[in-house]
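# Topology and contacts: notes
The chain contents come next:
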Amino acid sequence: MNRSELIIQIIALATLTIACVLVWVVTTEVFHVEGEILSVPMGIDSGSDLIDRLYSMIPLLCVAMLLSIAFAFYIEEWLSETTWYYRIINQQISILANIPSLIYGILVICIFLFQVKEFLNFTLVLAIVFLVVPVIIRTTQSAIRGVDLSVREAAYALGANRWQVITDHVFPRAFPKITGGIFTVISRVLAIAALLIIVCELRTSIIQDVSSYEISSDVFVLISLALLSCVLSSFLQINRNS
Amino acid sequence: METNNHSIETKNLSLWYGDFQALMDVSVNIPSGKITALIGPSGCGKTTLLRCFNRVNERYGNVTTKGEIKILGKNIYDPDVSLLELRKTVGMVFQRPNPLPISVYENILFGLRIHSPFGSLTRNQADEIVEEALTSVFLWDDLKDKLKARATSLQLEQQQKLCIARLLPLKPQIILMDEPCSALDAKGTLAVEELMGILAGKYTFLIVTHNMAQARRVSTECIYMFLGELIEHRETQALFETPEHPKTADYVQMRYG
Ligand SMILES: Nc1ncnc2c1ncn2[C@@H]1O[C@H](COP(=O)(O)OP(=O)(O)OP(=O)(O)O)[C@@H](O)[C@H]1O
Ligand SMILES: [Mg+2]
């Protein structure tokens, strides 16, 4: 690794850390989270409440995915790879995409146990965004890069402009891999949802009686769906020739 | 070069990739309706020069160009020049055959579809255009039953001919070819050369080649380049038999003699 790459790495990491600290400080200031575990009622008392809550986030999820795909096209097609902002953005996306999804789950669970209602909503949104955006951008980027250079050259030399090259060639050829990325993300989201349901119900039953706790069937459904998406995703991302 | 019949004229053309100068003061006139060969050692800027003429170099960031390029008498860096029209007039064939990964039929029509408003092409017109283009590159008999086949599944020789054919509906004046035969076998090479011979006259060809025998076989004029400079430009036979510049003589002898 040469010096400029090292500097880019450090800047990317530092800006991300600062952003996270800022978000943390602002939200804890705004919502005054304090250590009163298992006390305040929070409006989510069972797995199905939580599932409803998650359903209501589907539109957000879709918007986040579409914006991420659009953003990936923007940075790959419009920004030059040699510019410093391209390199920093790229690095930041890598870092975020490589964070294990479990970490977001743990974060959400911690907040969960504090059970402040508004804060919970906010964290769910944040977790979903962090879970979705970097992975979708990353897979879309690699899908775009996977499109053969000769296809672009041919199209440009025939007079196609950037938009025509993207809509006629790059997008259709990248599409299977992009859907692959979408399924990866769905799988991650479902897995975390399953985890949350367990935590949520466990908490309710701790208050009542631990021995009566049974894992709800929703959890199994979610985990199987997560595994299914995972399989679909790897299937769609297989490199297909021609 | 007494006549004024030049398709491409450059004056003091220089080009930099970043701060590396790849072309130095190149002034050259390419005759219309003939085949001109561009030869020289690897890295001397042949591809770069070729790519100036349809302005695809600009796509690689950090390229600076200085000097003048006139195609059919028109300066291609004038603000009123449309890239679309330029690329219609100046077609390009690449080293590795690169048909688009769509059907043979759609490959031929792709250029037209870009250049004409949506839906302005009737089915009959389209069929005719495809047949005409494939006929002029002698592919019609082989491919008339395979029009729906994916172009990338054809043999390499057919792919390269298809890449030539797909330029024709746009009615280009100039066809640039960057080592068009280096991916083909001997038979394919001969077939493409023969095709060029037949199409020359109707189109101006500029062909980059590492194959001296090929340059001699196909071209009327020949340009030798070395480290970004144009060293010698003469009639092919003269350049090979009585090179004026010692560098040309060295190269030609080493590669051919
Ligand atoms: N996109 C680019 N960015 C930076 N330098 C480049 C780029 N393309 C070419 N060069 C450099 O410009 C010089 C000329 O390259 P060019 O590809 O035109 O040579 P060429 O004569 O076509 O060589 P070959 O016979 O190997 O195809 C080379 O030194 C090459 O390294
Ligand atoms: Mg070259």
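Here's a quick rundown of the structure. The structure displayed is predicted, hence computed values, not measured ones.

### Considering the interface of chain A and chain B
Opposite the 16 residues of chain A that make contact, chain B presents 23 residues. For the pair chain A and chain B, the interface holds two salt bridges. D148(A) serves as the salt-bridge partner of R96(B), at 3.7 Å between the closest nitrogen and oxygen. Among the secondary structure elements, those contributing two or more residues to the side of chain A that touches chain B are α7 (149-157) and α8 (162-208) of chain A. In terms of residue count, α7(A) provides more of the side of chain A that touches chain B than any other element does, seven residues in total. Within the side of chain A that touches chain B, the residues separate by chemical class into seven nonpolar, five polar and four charged.

### Here we look at the sheet that holds strand β3 (residues 35-39) of chain B
Residue and element names in this part refer to chain B. In space, the six strands of this open sheet follow the order β6-β7-β8-β3-β9-β10, with mixed pairing throughout. Edge strands, defined here as strands with exactly one partner in the open sheet, are β6 (90-93) and β10 (229-235). Ignoring strand direction, the axes of neighbouring strands in this sheet form an average angle of 20°.

### Examining the layout of surface pockets
Gaps left between atoms are located by rolling a probe of water-molecule size over the structure's atoms. Here the largest pocket defines a volume of roughly 720 Å³. Among the secondary structure elements, those contributing two or more residues to the lining of the largest pocket are α3 (58-77), α6 (117-145) and α7 of chain A together with α2 (83-89) of chain B. For the lining of the largest pocket, the residue count by class is 10 nonpolar, four polar and 10 charged.

### What to know about the environment of N98(A)
Residue and element names in this part refer to chain A. Within the element layout of this structure, N98 appears in helix α4 (residues 84-98). For N98, a relative accessible area of 64% gives the class exposed. Note: C-alpha distance between N98 and I215 (117 residues apart in sequence) is 30 Å.

### Thoughts on the nonpolar core
Counting residues in hydrophobic clusters, the biggest one holds 98 residues, and the most contacted among them are V132(A), I39(B) and L134(B). Counting residues per element, this core draws most heavily on α8(A), at 15 residues. When residues no more than four places from it in sequence are discounted, the contact partners of V132(A) are L61(A), A64(A), M65(A), V185(A) and V189(A). Listed in part, the 30 residues of the second largest apolar core include A157(A), V28(B), I30(B) and F94(B).

Reading the values: rules and limits
Every chain's residues receive numbers from 1 upward, in the order its sequence appears when written. Here the convention is simple: chains get letters from A, ligands get numbers from 1, in the order in which they are written. Totals for whole chains, interfaces and linings use all residues, but because this is a predicted model, local features are given only for residues with pLDDT of at least 70 and pairs of side-chain atoms are given and counted only at 80 or more. Water and hydrogen atoms were dropped before computing side-chain values, which therefore reflect all heavy atoms in the structure. In what follows, a contact means two residues having at least one pair of non-hydrogen atoms within 4.5 Å. Salt bridges are defined by distance alone: a side-chain nitrogen of Lys or Arg within 4 Å of a carboxyl oxygen of Asp or Glu. Strands here mean DSSP runs of E at least two residues long; helices mean DSSP runs of H or I at least four residues long; both are numbered from the N terminus. Classification used: nonpolar for Ala, Val, Leu, Ile, Met, Phe, Trp, Tyr, Cys and Pro, charged for Asp, Glu, Lys and Arg, polar for all others including Gly. Here, any two strands with at least 2 DSSP bridges between them count as paired. Axes here refer to lines fitted to C-alpha atoms; in helices the fit is confined to the stretch in contact. Angles between the N-to-C directions go from 0 to 180 degrees. Lining residues are defined by having an atom within 4 Å of a point belonging to a cavity or pocket. Those points lie on a 1 Å grid over the protein atoms alone, cavities being sets where a 1.4 Å probe fits but cannot get out and pockets being open sets with protein on both sides within 12 Å along at least five of seven lines. Grid points are joined across faces, edges and corners, and a volume is the space filled by probe spheres set on the points. In this scheme, a residue with accessible area under 20% of its type's maximum is buried, one over 50% is exposed, and one in between is partly exposed, where area comes from a 1.4 Å probe on protein chains only. We define a nonpolar core as any set of buried Ala, Val, Leu, Ile, Met, Phe, Trp, Tyr and Cys residues linked to one another through side-chain atoms lying within 4.5 Å.

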